[in-house]
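The lines below spell out each chain.
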Amino acid sequence: MRDALLTRRRLLVGASALGLAACDSTRPQAGFLGAMERFNLRAQRALFDPERLAPEEPLSALTPPEHFPAYFISPEVPRAPASWALKVGGLVARPSVLTVEDLRRLPRADLRVRHHCVEGWSAVAAWHGVRVRDVAEAVGADPRAGYVEFRSFDLGYASSWDRPSAMHAQTLLAYGMNGEPLPAAHGAPLRLYSAVKLGYKMVKYLTEVNFLPEPTGGYWEDQGYEWFAGV
Amino acid sequence: MAGSGLQILAAYPKLGPRGQPFAWYPFQDVTPPAWARLGGWLAGARHWHFAFAWLLVLNGAVYGFYLLLSGEWRRRVFLPRRDARNALQTLAFYLRLRHEPPAQGLYNGLQRLAYSGALLLGLLAVLSGLVLYKPVQLRGLTALFGGYDTARAVHLGVLSLFVLFTLGHVLLVALHPRALVEMVTGGEKPRA
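Residues numbered from 1 in each chain as written. Chains lettered and ligands numbered in written order. Predicted model: local features only at pLDDT ≥ 70, side-chain atom pairs only at ≥ 80, totals over all residues.

### Details of the domain arrangement of chain B
Residues and elements named next belong to chain B.
Next up, step 1: By domain assignment, chain B separates into domain 1 (1–70) and domain 2 (76–186).
Next up, step 2: When each unit is reduced to the centre of its C-alpha atoms, the spacing between domain 1 and domain 2 is 18 Å.
Next up, step 3: On the domain 2 side, the residues contacting the 10 residues of domain 1 number eight residues.
Next up, step 4: Going through the elements one at a time, α1 (2–11) and α2 (42–69) are the ones with two or more residues in the side of domain 1 that touches domain 2.
Next up, step 5: Counted by class, the side of domain 1 that touches domain 2 contains seven nonpolar, three polar and no charged residues. (Domains from an automatic or database assignment. Contact = placed C-beta atoms within 7 Å. Helix = DSSP H or I, 4+ residues; strand = E, 2+ residues; numbered from the N terminus. Nonpolar A, V, L, I, M, F, W, Y, C, P; charged D, E, K, R; others polar.)

Below you can see the structure in the form of structure tokens.
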């Protein structure tokens, strides 16, 4: 009995040592964790239904504005230059430079949905702006562009998205929050907002939107956070 | 799963949505101790958690099929009509309110209750975890749990109960070391 137990224990210890070598938390995209992450990416793509809408939250669920966190990576609230305009490029028929006024002329969409942060908190705000899919149509985005890259003037913060999530009806280039023009702390003059991604995918302080044939990582993604990050 | 889950909790150690923390939760802002955490940082812990979550689901599915197909569920699962009386009598015996243990087969009613409770906890852990993983894609399940933040509380509650379940068994082994063998092997089956 004792011998059998020891053998079994040795086996278990050996197996877990092997497992640990393949699980390096500082490089979660390598080894066993990386292999599982690639599996998880396929699972997330499969679970994503482009027609599924997040429920609209009631007014009573609105987070008091002072409690809605404002994140940016610059040491100070980033401020847009006076000459700010959004560049839309990549695989598009009509590369464009759009001001907020240009974007306001496109159909307006309103959302009041729950925000899910990778840290585990949730919050609710109302957002308005133009759907990314309407901008894609306006510039003639090529169907071969399976990815959309969003870049900012917040110290190079960026993120790349799968096209189906970017084209979702609840993915906006938002120029307003809670009925007001977008505050500087929340990404003025223009930010990405979506009901179907974790918060870190929603790039604030936008400068560029590029329709690309390949994914291009992002600020947190390059440090080890998952790339798809759908909710 | 527990260690990486606590590392994820450490990123926002509160329950309830922003600005409306759940008043009943006694550990708001309490970061789980470092020895209980796994994954080093939020992204590392999330990779651990999602990697092993798939293995947990696989394991649970294999086990569930075994339980059903082998007919073993009849012996292990708590069936109120059959087991409730025996469970109460066993509890009374353990509490010294009764001198003799009630007659039992391989498992008594209280064991079946605990065993079924653990299965239910496993199911709750996976379902509430699915809500946290895909609150929008699985919006029906999210609504069933009463929302994302409630599911997060349930997910942590399930962990607490699993910890109690484990501590209970460790205590039992400390008091009755021979029980360990039976816990691992499932006890000797009655001879036919």
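### Focus on the pairing of strand β10 (residues 206–212) of chain A
Residues and elements named next belong to chain A.
Next up, step 1: Across four bridges, strand β1 (residues 86–90) lies against β10 in parallel orientation. Looking at the pairing, Lys87 lines up with Glu208 of β10.
Next up, step 2: Bridge analysis of strand β5 (residues 147–152) against β10 gives six bridges, and the strand direction is antiparallel. Within β10, the position partnered with Phe150 by the bridge is Val209. (Pairing = 2+ DSSP bridges.)

### Some points on the packing of helix α5 (residues 109–133) of chain B against helix α7 (residues 148–175) of chain B
The description of two packed helices rests on the angle between their axes and on the distance between the axes.
All names here are of chain B.
Next up, step 1: Where α5 meets α7, the axes come as close as 9 Å, and the angle between the chain directions of the two elements is 150°. With respect to each other, α5 and α7 are oriented roughly antiparallel. Considering only the axes of α5 and α7, their crossing is left-handed. Note on element contacts: α7 touches α5 through Tyr148, Ala151, Arg152, Val154, His155, Val158, Leu161, Phe162 and Phe165, opposite Ala118, Leu121, Leu124, Ala125, Ser128, Gly129, Val131 and Leu132.
Next up, step 2: Its residues placed into classes, the contact of α5 with α7 shows 13 nonpolar, three polar and one charged. (Axes fitted to C-alpha atoms, helices over the stretch in contact; angles between N-to-C directions. Parallel < 35°, antiparallel > 145°, perpendicular 65-115°, else oblique. Left-handed = near helix turned anticlockwise from the far one by under 90°.)

### Some words on the sheet that holds strand β6 (residues 158–162) of chain A
Residues and elements named next belong to chain A.
Next up, step 1: Read across the sheet, five strands follow the order β2-β1-β10-β5-β6 without closing on themselves; strand pairing throughout is mixed. Strand pairing shows two members of the sheet lacking a second neighbour, β2 (96–98) and β6, which therefore form its edges. Recorded for the sheet is a direction-independent mean angle of 20° between the axes of neighbouring strands.

### Topic: the environment of Arg37 of chain B
Residue and element names in this part refer to chain B.
Next up, step 1: Tracing the backbone shows Arg37 in the loop between α1 and α2.
Next up, step 2: Here Arg37 falls in the buried class, since 20 other C-beta atoms lie within 10 Å of it.
Next up, step 3: Between the C-alpha atoms of Arg37 and Gly117, which are 80 residues apart in sequence, the distance is 26 Å.
Next up, step 4: Sequence-distant contacts of Arg37, that is, excluding residues within four places in its chain, are made with Gly3, Leu6, Gln7, Ala10 and Pro32. (Buried ≥ 20, exposed ≤ 12 C-beta atoms within 10 Å, placed from the backbone.)

### A word on the environment of Pro80 of chain B
Next up, step 1: Within the fold, Pro80 of chain B resides in helix α4 (residues 80–94).
Next up, step 2: The spatial distance from the C-alpha of Pro80 of chain B to the C-alpha of Val173 of chain B is 27 Å, given a sequence separation of 93 residues.

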